[in-house]
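Architecture at a glance
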Amino acid sequence: MQIEETKGRFGFHFSAGDDDARPVAAFVQIYVKSSAMSRVADLPISPHMGTAAEIDCFVDEAILALEAVRSEAKSALAMSGP
């Protein structure tokens with residue numbers, strides 16, 4: 001089973017099993033749109049994650065990193081003057 005969801009600039013791909021007879025553990029991977037022209041999230045930014053805790057940890061770390069980038073970007077812009 002394969003699922004691909006995109007919400008805004010982000011999305012995830014879910015995979016469980018494959019076409020062969022051997023089973024594969026289910027996992028999700030977080031994606032981002034690779035360009036403004038992309039219609040779907042197509043660039044992976046996370047490892048394969050198989051538990052809710054792994055997803056929470058990845059997203060929490062990403063939020064903290066984006067908050068730091070936001071702050072630094074605003075500071076850089078403010079240094080350019082009015």
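Let us look at the structure shown here. Keep in mind that this is a model prediction, so the values were computed, not measured. (Residues numbered from 1 in each chain as written. Predicted model: local features only at pLDDT ≥ 70, side-chain atom pairs only at ≥ 80, totals over all residues. Heavy atoms only, no water.)

Looking at the pattern of salt bridges
Here the idea is simple: oppositely charged side chains can pair when their charged atoms come close. The full count for this structure, using the stated rule, is two salt bridges. In this structure, the salt-bridge partner of Lys7 is Glu5, at a minimum N-O distance of 3.8 Å. On the basis of relative accessible area, Lys7 is assigned to the exposed category, the value being 60%. According to the relative accessible area criterion, Glu5 is partly exposed, its value standing at 32%. A salt bridge links Glu67 to Arg70; the shortest N-O distance between them is 2.9 Å. Of this pair, Glu67 and Arg70 both sit in helix 1 (residues 52–79), separated by three residues, roughly a single helical turn. (Salt bridge = Lys/Arg side-chain N within 4 Å of Asp/Glu carboxyl O. Buried < 20%, exposed > 50% of the residue type's maximum accessible area, 1.4 Å probe, protein only. Helix = DSSP H or I, 4+ residues; strand = E, 2+ residues; numbered from the N terminus.)

Considering the environment of Ile45
Within the secondary structure, Ile45 sits in the loop between strand 4 (43–44) and helix 1. Take Ile45: its relative accessible area is 39%, and that puts it in the partly exposed class. If sequence neighbours within four positions are ignored, Ile45 has contacts with Phe10, Ile30, Tyr31, Val32 and Phe58. (Contact = heavy atoms within 4.5 Å.)

Considerations on the environment of Ile3
Inspection of the secondary structure puts Ile3 in strand 1 (residues 2–7). Beyond its immediate chain neighbours, meaning those up to four positions away, Ile3 contacts Phe12, His13 and Phe14.

Things to note about the sheet that holds strand 2 (residues 10–15)
Strand order across the open sheet formed by four strands is 1-2-3-4, with antiparallel pairing between neighbours. Taken across any chain shown, the strands that pair with only one partner, and hence form the sheet edges, are strand 1 and strand 4. Bridge analysis of strand 1 against strand 2 gives six bridges, and the strand direction is antiparallel. The residue of strand 2 that forms the bridge with Gln2 is Ser15. (Pairing = 2+ DSSP bridges.)

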